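The lines below spell out each chain.
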Amino acid sequence: YANPLITWEVSYKTNVAVELGLFKNALNIVAEYYHENRTNIVQVRQDIPSVLGLTSDVRTNFGEAKGKGLDLTMDYSKSLTHSMWFIVRGNFTYGTSKITVYDELDYSKVAPWKSVVGQKVGQSKGYVAERLFIDDKEVQNSPKQEVSSNGGDYQAGDIKYRDINGDGVINDLDIVPMGYPSNPEIQYGAGFSFGYKNLDLSVFLQGETHYSFFLDAAAMAPFVEVSSGGRKGNRALLNFITQSVWTETNRDVYAKWPRLSPEVGNAAIGNNNNFVKSNYWLRTVGYMRLKSVEIGYKLDKIKGFSPRIYFSGTNLLTFSKFKLWDPEMRGNGLSYPIQRVFNVGVQADF
């Protein structure tokens, strides 16, 4: 519905910065702290009674949020001799924000954890998975699981969710905040450049932390029929699934993957309850990447120009506790990976 009263979002921001140049400006430091208060955020109104018969969402300027953060940059350069020099650089960014005003239903009595007021923007949320069902008898004696509209028949080997509000049914009232926001709160980088006579070397590392993501299990579930370019086939089985999966001969209730279903999306033979967002699939990780390395050598002048031969590489190494695939790919291990690139070249200055 058109709302002629909708207007611009308003941001009130305060920045305090310090810039230092030390040791004859060999060392330069810039530190900045910011605080932001955002108002008039456009959001879908939740307090409109359904008896009005509206067929579409109504949006107004209602939401508010506050954010704060810190930015640090530093570089240090020095010439040791006429033929030797080096530069060291570093940066660090921390930013976080939380919702302060939001139009929502009153969950204070039934599920206070559903309120987003006071939560971080982009906060991860999901069901609490206790483990996998031991057997069908436990399924019958457990709260009814209605976490998916097309869930199918759940049985031994499927994920058992916790009834947070104790009403005997597991539904969206049992979704709770967990982990960090989906966007990294901390980003950093560091590197150096070094030169000696005609030789030079540059190295740069970058990383992220304080973020969470869910494994996209539905997009990786094996043996599901998929099609591409007019061809049909079945999705492959990722190696990490084979290493820890519930089967009739391996009834491990803490396996890394629940029982395999022949199809995802078909409630008659699959179990979509296993693929909703929960701490079963949540991963809170960080990483540091050797982003780039370049080494070069400048030859003496040859017929009026000075060629420089160099070798460089990008995305060479990644250090992370998350070992399944590149952490920047987030939740889908079947998506296109980040490329490791090597270059060899010649630069000529005339």
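Use the structure listed above.
Please read these numbers as outputs of a predicted model, since none were measured by experiment. (Residues numbered from 1 in each chain as written. Predicted model: local features only at pLDDT ≥ 70, side-chain atom pairs only at ≥ 80, totals over all residues. Heavy atoms only, no water.)

**Student:** Residue-level account of the nonpolar core, with values.
**Tutor:** The tendency in soluble globular proteins is for nonpolar side chains to be buried as a group. Residues Leu132, Ile159, Tyr161, Leu215, Trp257, Trp281 and Trp325 are the most contacted members of the largest nonpolar core, which totals 32 residues. Counting residues per element, the ones that place at least two in this core are strand 6 (129–132), strand 8 (159–161), strand 12 (199–214), helix 2 (217–220), helix 3 (239–243) and strand 15 (282–298). When sequence neighbours within four positions are dropped, the list of residues in contact with tryptophan 281 reads Ile159, Phe213, Phe214, Leu215, Ala217, Lys256, Trp257, Pro258, Asn274, Phe275 and Val276. (Core = buried A, V, L, I, M, F, W, Y, C linked by side-chain atoms within 4.5 Å. Buried < 20%, exposed > 50% of the residue type's maximum accessible area, 1.4 Å probe, protein only. Helix = DSSP H or I, 4+ residues; strand = E, 2+ residues; numbered from the N terminus. Contact = heavy atoms within 4.5 Å.)

**Student:** Give a detailed account of the sheet that holds strand 4 (residues 84–101), specifying residues and quantitative values.
**Tutor:** Pairing within the open sheet is antiparallel, and its nine strands lie in the order 1-2-3-4-11-12-15-16-17. Two strands in the sheet have a free side with no partner beyond their single neighbour: strand 1 (10–22) and strand 17 (341–349). For this sheet, the mean inter-axis angle between neighbouring strands, taken without regard to orientation, is 10°. Of the strand pairs in this sheet, strand 11 (residues 186–196) and strand 12 are connected by 11 bridges, and their pairing is antiparallel. Counterpart to glutamine 187 in the pairing with strand 12 is glutamate 208. (Pairing = 2+ DSSP bridges. Axes fitted to C-alpha atoms, helices over the stretch in contact; angles between N-to-C directions.)

**Student:** Which residues make up the environment of lysine 13, and what values do they have?
**Tutor:** If you trace the backbone, lysine 13 turns up in strand 1. When the C-alpha positions of lysine 13 and histidine 35 are compared, they lie 5.7 Å apart, and in sequence the two are 22 residues distant. With sequence-adjacent residues up to four places away left out, lysine 13 is seen in contact with Tyr34, His35 and Glu36.

**Student:** Any details on the side chain of serine 320? Residues and values, ideally.
**Tutor:** Locating serine 320 in the fold gives a position in strand 16 (residues 306–320). In terms of polar contacts, serine 320 uses its side chain to reach the backbone amide nitrogen of phenylalanine 322, at 3.1 Å. Setting aside residues no more than four positions away along its own chain, serine 320 makes contact with Val285, Gly286, Tyr287 and Pro327. (Polar contact = N/O pair within 3.5 Å; in protein donor to acceptor, adjacent residues only side chain to side chain.)

**Student:** Kindly report on the pattern of salt bridges, identifying the contributing residues and their values.
**Tutor:** Think of it this way: side chains of opposite charge can pair up when their charged atoms draw near. Enumeration over the complete set of coordinates arrives at 14 salt bridges. A salt bridge links glutamate 138 to arginine 131, with the nearest nitrogen and oxygen atoms 2.6 Å apart. Like glutamate 138, the residue arginine 131 is buried in the burial classification. The partner of arginine 308 in a salt bridge is aspartate 200, with the nearest N and O atoms 2.7 Å apart. Taken as a pair, arginine 308 in strand 16 and aspartate 200 in strand 12 lie far apart in primary sequence, 108 residues in all. The exposure classification of arginine 308 matches that of aspartate 200, with both residues buried. Through salt bridges that share partners, Glu130, Arg131, Glu138, Lys160 and Arg162 make up one connected network. (Salt bridge = Lys/Arg side-chain N within 4 Å of Asp/Glu carboxyl O.)

Any functional reading would require information beyond the geometric quantities listed.
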